[in-house]
Amino acid sequence: MRRSKSTDPRTLRDLVDTLTTLPGRHAIGLHGDIGTRWWTRRRLRDEILHAAAWLAEKGVGPGDRYVLWAANSLEWCAFFLAASLRGAVAVLVDRELGAEFVEAVVAETKSRLVVHDRPAIDRALGPDVPTLGVYTLGEHAPVIMPDGIMTPAPDDDAAVLYSSGTTARPKGITVTHANLIAQLMPFRRLRGPARIAPVGMMVIPPLSHILGLGTGLLLSMYLRLRLVLCAGSGPVAWIRAARATRAQLIVAVPRIVEALATAVEKSRLGTHDSLAVRARTRGRRARQWLAFRHRQRLLGSWFRAFVVGGNKLPTATVRFWQRTGILVIQGYGLTETTGIVSVSNPLTTRGLDIGRPVAAYDIRLAPDGEILVRGDQVAPHGTPVDDDGFFATGDLATWDGADRLVFLGRKKDVIVTADGYNLHPVELEERLDRQPGVRESVVIARGEGEATVAHAVLVMEDDANPAEAMRAANQNLPPHFQIRSWTRWPEASLPRNSLMKVRRVEVMRRLDSIASQPASTNAATTMAAVLASDDRDETVRRLADLLAVTDSTDTEAETIALTELGLSSLDLLTVIAGIESRCGVELSSPRVDEHTTVADLRAQLTSGDVVPAQDDRASDLPNHQPWWAGTVVASWLRPFVRAVAIGFWSWMSARIESRWHYEPSRVKPPFLIAAMPHVSWLDTFVVFSALPPALRRTPFVTTDHDFAPWFAPRHTTWLARVLSGAGYYLGLPALFPFTILASGGRAREGLRYGARLLERGHNAISFPEGLIFFRDQLTHHPGIALLARETGSQLVPTYIEAAERTIGWRWRRPRPTITVHFGTPITPRPDQDLSEITAAVHTAWETLRTTVHDEKNRATPHGSSIDS
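Note that the coordinates shown come from a computational prediction; the quantities given were computed from them, not determined experimentally.

On to the overall build of the protein, then. Counting secondary structure elements, the protein contains 27 helices and 32 strands. With 868 residues in all, the protein has 54% of them scored as buried. When the accessible area of the protein is evaluated, it comes to approximately 38,300 Å², of which 53% is carbon and sulfur surface.

Right under this line is the structure:
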């Protein structure tokens, strides 16, 4: 691809061309429950070319439209940006919208293709709608020829955004290349500092919305930032992703920032009470220091600021984050204005304003307070403007004394009372949300004509009194501005769209039936529903729903053991992640064995009480290497110790040869070696010695050995305890970094530690089958497949062929030969089932074993060679 001659890009195609600079820097990453899958700027550019080739193969050309209907992912970004290389238009549809809506969009926009991430969606959309899975990007991608790459003009259409609204059927807004690029120009002065000091920016809203697309994807590319996406949902997943990826900025909508603030206040650190409890008895300075330290430990010391858009953030939330040392940058904009219209100054705001207009916009207020906007970013198609070129936003605001906008709410949401007073719901909702016991609130108009009043819909804590919250909220308000009635919402949260905005129309539609009908019981929260499910994913989801409820009367059914549900240890990890998302708290690993019941797990996860299991040693056992193994001293020491130990053992006991059935130079670190058979801990020496020098750098090993004789001794001799402790603290860490993939729920911490090592450039040596002497007890550990899938690492199947498998620390002459066979690497797809990955590794092992067996039968000598 040619590079743009201009310093500033004029189209998205020019923005893609800038990826050739700093090609080795991380461009984008997707954080899951275990680890982060990263693409460099070079990899992103290559995948955009592959996506453009797929579009060309499917017949998408200049001017054509195609629907992009998928969750945030690396592949989503590639397929969106590929439109600029084909001169096509990406039609962005929120993933939460259904197949019927997508069919309507396809018909309305005359799209030639639907790119999606849903299995078997072809049947739902019908045979007349061509589809392409977004994760097929890495599968035998076709090659696009230079004449297949187009150059769009700035005024050409770039995207159509179908956002899910709060009151009406979603509508599509068409934006041009010039609209999207103009949004980036106010940040031009930040390119230099960002080039020197790369910054990580985490984006939580969907990329199919203008906040995620413009402020997230496009701005991060323009400034060369690290863009972080989060596969999980809920405050716990967001906090973990920000901490693991060292994000300095978080782009979010107000509801998400509020949820994170609540999570920080409620979270406990170690044995301490929550921040909310500890702050009650402290002075102002002490509360600020506690809040700062609490936030720093949860989100990381590198986190600096929120970038908030989509609505006004409550003042109390802004001030909470300011007390923790975090800047809050509030922006105002719409899809029709292609993003940011005004930005607040985080150093001067107290949370009351949405800032001053950016230089590219001209803003005025209509007599009724409606915000009118004019500028190059205003979408030219289907956006009505007045005679002076101003677009009426439908939002209300006032100017404060410092020429800053103070947001009042949506014009159509204004409640006109029978007395003729205008009530702004956003102000009343902010008062309600400050009241103790109020989780969420929305204020709507109730009644008609002379009977119109402000009505509050409240989501309350279990033991909270809505009447008291109403009295407190109405206190000090003039009579004409008070809330006259209220309804307690029967569910755990109000209905919201993907930008976390309340669906007011749905609330009003359901309001009449709530008073006459009791709150319905969710069938998914009964044990009978869990047992009735035949699908494993559905069983996992329903079990998470069940365990998230702290009180249960179904005690007899909950005596069922987890093993009777047919769930694996990794299924249990998914259950725990689901509970964290629903409850908004981070859970420690439970003690789980074959005797653990559903009731036992509930008690451990939801109440914090530890229920003794048959084997109560789990909490005493480590999940990863000792602390000193991660120090600089250890990293300097290991190469020398390893060279001496492995060199001496090889000289004394065995001769190692390697055979590659794949070109080793094409193996891309970081990777995981999946080796078998495994008969001795010395097999790690064997595999390491067989690697080429270029691939031996920074290895680490995975093990399921829990060092129980030392940490949880039970009927063990003093010699076994000493040897186990020495192996954990001295022997193994002096040779290799390592992580422990324990059984049950404890595997999650070990997998996360392994993911961090992979992200730091280490390569794993693993034996998924375990020791062959215990084949009846141990089967293929799926954690290795999960680790590879979540980090995007290659799995290298490895077969150890030995003339004699009883090699130890003893002199042998002649030395027996051990040949290590390396097969074709396996790169798991992000959506691939773990059983499929495991089956692929087993097939590769069998292929290597059969090849060795056939060569022996033909008496073919096998030396050190490479078969390309």
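So, on to the packing of helix α9 (residues 235–245) against helix α10 (residues 254–266). The contact between α9 and α10 brings their axes to 9 Å, and the two run at 85°. In terms of orientation, α9 lies roughly perpendicular with respect to α10. Two secondary-structure elements touch here, α9 through Pro235, Trp238 and Ile239 and α10 through Ile256, Ala259, Leu260, Ala263 and Val264. Among the residues making up the contact of α9 with α10, the classes are represented as eight nonpolar, no polar and no charged.

On to the environment of Gln248, then. Structurally, Gln248 can be placed in the loop between α9 and β11 (249–252). Measuring from C-alpha to C-alpha, the distance between Gln248 and Gly200 comes to 5.4 Å, with 48 residues separating the pair along the chain. Apart from residues no more than four positions distant in its own chain, Gln248 is found in contact with Pro198, Val199, Gly200, Arg226, Trp302, Phe303, Arg304 and Ala305. Reaching out from Gln248, the side chain makes a polar contact with the backbone nitrogen of Gly200 at a distance of 2.6 Å.

This brings us to the pairing of strand β12 (residues 305–308). Burial of the side chains of β12 extends over both faces: Ala305 and Val307 are buried on one face and Phe306 and Val308 on the other. As defined by bridge partners, β12 adjoins strand β13 (residues 327–334) across four bridges and the pair is classed as parallel. Bridged to Ala305 within β13 is Leu327. Note on the crossover from β12 through helix α13 (residues 315–323) to β13: the handedness is right-handed.

This paragraph deals with the environment of Ala305. Mapped onto the elements of the fold, Ala305 is located in strand β12. Sequence separation of Ala305 and Leu249 is 56 residues, and the distance between their C-alpha atoms is 5.1 Å. If sequence neighbours within four positions are ignored, Ala305 has contacts with Gln248, Leu249, Ile250, Ile326, Leu327 and Ile329.

The next point concerns the pairing of strand β23 (residues 453–460). Counting buried residues along β23, seven of its eight residues qualify, which places the element largely inside the surrounding structure. Where strand β22 (residues 438–446) lies against β23, eight bridges are found, and the strand directions are antiparallel. The residue bridging Ser441 from the neighbouring strand is Leu458, located in β23.

Now for the sheet that holds strand β24 (residues 485–488). If you trace the three strands from one edge of the open sheet to the other, you get β22-β23-β24, paired in mixed fashion. A strand with exactly one partner marks an edge of an open sheet, and here the two such strands are β22 and β24. For this sheet, the mean inter-axis angle between neighbouring strands, taken without regard to orientation, is 25°.

This next bit is on the pattern of salt bridges. Where side chains of opposite charge bring their charged atoms close, a pairing between them can arise. Throughout the structure, instances matching the rule amount to 23 salt bridges. Note that Arg374 and Asp362 form a salt bridge whose closest N and O atoms lie 2.6 Å from each other. Here Arg374 is found in strand β17 (residues 370–375), whereas its partner Asp362 is found in strand β16 (residues 361–365), with twelve residues between them in sequence. In this structure Arg374 comes out as partly exposed when scored by relative accessible area, which is 31%. In this structure, Glu846 and Arg849 form a salt bridge, with 2.2 Å as the shortest nitrogen-oxygen distance. Linking Glu846 with Arg849, this pair stays in helix α27 (residues 834–857), spanning three residues, or about one helical turn. Linked through salt bridges whose partners overlap, the residues forming this network are Asp33, Arg240, Arg748 and Arg752.

Turning our eyes to something else, we now look at the confidence of the model for the protein. For the protein, mean pLDDT is 82; residues scoring 70 or higher make up 83% of the total. Taking the mean pLDDT of every element in the protein, the minimum, 40, falls on strand β32 (residues 865–866) and the maximum, 96, on helix α3 (residues 74–86). Overall, residues 774–778 carries pLDDT values under 50, and its contacts beyond four positions in sequence, including any with other chains, amount to five contacts. Taken together, the stretch residues 862–868 has pLDDT below 50 and engages in 20 contacts with residues farther than four places along the chain or on a different chain.

Moving on, we come to a nonpolar patch on the surface. Together, Phe648, Trp651, Trp681, Trp809 and Trp811 make up an exposed nonpolar region whose accessible area comes to about 640 Å². Topologically, Trp809 is positioned in the loop between β30 (794–802) and β31 (817–822). Residue Trp809 is classed as partly exposed on the basis of its relative accessible area, which comes to 41%.

Our focus in this paragraph is the nonpolar core. In terms of nonpolar packing, the biggest core is built from 104 residues, with Trp76, Phe79, Phe80, Met202, Leu217, Leu218 and Trp321 touching the most fellow members. Take this core: its biggest share by element is ten residues, from α3. Not counting the four nearest positions on each side in its chain, Leu217 is found in contact with Trp76, Cys77, Phe80, Leu207, Gly212 and Leu227.

Taken in spatial order, the nine strands make up an open sheet running β2-β1-β10-β9-β11-β12-β13-β14-β15, and their pairing is mixed. Strand pairing shows two members of the sheet lacking a second neighbour, β2 (36–40) and β15 (356–357), which therefore form its edges. As defined by bridge partners, strand β9 (residues 200–203) adjoins β11 across three bridges and the pair is classed as parallel. Opposite Met201, over in β11, you have Leu249 as the bridge partner. Sheet strands in contact with α3 are β1 (26–31), β2 and β10 (226–230), and its direction is about 30° off that of β2. This element, helix α8 (residues 210–223), spans β9, β10, β11, β12, β13 and β14 (339–343) of the sheet and lies at about 160° to β9.

At a minimum axis distance of 10 Å, the contact between α10 and α13 shows a crossing angle of 50°. The pairing of α10 with α13 is recorded here as oblique in orientation. For the pair α10 and α13, the crossing hand works out as left-handed. Contacts between α10 and α13 involve Val257, Glu258, Leu260, Ala261, Val264 and Glu265 from the first element and Thr317, Phe320 and Trp321 from the second. Taken together, the residues of the contact of α10 with α13 sort by class into six nonpolar, one polar and two charged.

Here we take up a positive patch on the surface. Taken together, the side chains of Arg284, Arg285, Arg287 and Arg323 present a region of like positive charge at the surface. Ranked by residues supplied to the positive patch, first place goes to helix α12 (residues 284–299) with three residues. With respect to the helices and strands, Arg287 occurs in helix α12.

With that settled, consider α8. Burial analysis of α8 places 14 of its 14 residues in the buried class, the great majority of the element. One or two residues past the end of α8 sits Arg224, with phi positive at roughly 60°.

On inspection of all chains with the given rule, the structure shows 22 aromatic pairs. Geometrically, the ring pair formed by Phe707 and Tyr728 is edge-to-face, given 5.2 Å between the ring centres and 65° between the ring planes. Taken as a pair, Phe707 in the loop between β27 (699–703) and α23 (708–711) and Tyr728 in helix α24 (residues 718–735) lie far apart in primary sequence, 21 residues in all. For the pair Phe707 and Tyr728, a shared accessibility class is recorded, and that class is buried. Taken together through their ring pairs, the aromatic side chains of Phe648, Trp649, Trp651, Trp681, Phe685, Trp809 and Trp811 make up a single cluster. The ring of Phe688 carries the charged tip of Arg696 above its face, separated from the ring centre by 5.7 Å.

Attention now moves to unusual backbone geometry. Here the amide bond leading from Met676 into Pro677 is cis, since omega sits at -10°, within 30 degrees of zero. Tracing the sequence through the fold places Pro677 in the loop between β26 (671–676) and α22 (683–690). Between Arg813 and the following residue, Pro814, the backbone shows a cis peptide bond with an omega angle of -5°. Locating Pro814 in the fold gives a position in the loop between β30 and β31. Of note in this structure, Arg246 is not a glycine but carries a positive phi near 55°. For Arg246, the position within the fold is in the loop between α9 and β11. With relative accessibility at 48%, the residue Arg246 sits in the partly exposed group. In this structure, Asp403 is a non-glycine residue whose phi angle is positive, near 60°. Since its relative accessible area comes to 53%, Asp403 is described here as exposed.

The rules behind the values
- Residues numbered from 1 in each chain as written.
- Predicted model: local features only at pLDDT ≥ 70, side-chain atom pairs only at ≥ 80, totals over all residues.
- Heavy atoms only, no water.
- Helix = DSSP H or I, 4+ residues; strand = E, 2+ residues; numbered from the N terminus.
- Buried < 20%, exposed > 50% of the residue type's maximum accessible area, 1.4 Å probe, protein only.
- Areas by Shrake-Rupley, 256 points an atom, 1.4 Å probe, with all protein chains shown as cover.
- Axes fitted to C-alpha atoms, helices over the stretch in contact; angles between N-to-C directions.
- Parallel < 35°, antiparallel > 145°, perpendicular 65-115°, else oblique.
- Contact = heavy atoms within 4.5 Å.
- Nonpolar A, V, L, I, M, F, W, Y, C, P; charged D, E, K, R; others polar.
- Polar contact = N/O pair within 3.5 Å; in protein donor to acceptor, adjacent residues only side chain to side chain.
- Pairing = 2+ DSSP bridges.
- Right-handed = clockwise from strand over helix to strand, strands pointing away.
- Salt bridge = Lys/Arg side-chain N within 4 Å of Asp/Glu carboxyl O.
- pLDDT = per-residue confidence, 0-100.
- Patch = residues over 30% accessible without salt bridge, like charges linked within 9 Å, V, L, I, M, F, W, Y side chains within 5 Å.
- Core = buried A, V, L, I, M, F, W, Y, C linked by side-chain atoms within 4.5 Å.
- Left-handed = near helix turned anticlockwise from the far one by under 90°.
- Lys, Arg positive; Asp, Glu negative; His and termini not counted.
- Charge placed at Lys NZ, Arg CZ, Asp CG, Glu CD.
- Phe/Tyr/Trp six-rings, centres within 6.5 Å; stacked < 30°, edge-to-face > 60°.
- Lys NZ or Arg CZ within 6 Å of the ring centre and 35° of its normal.

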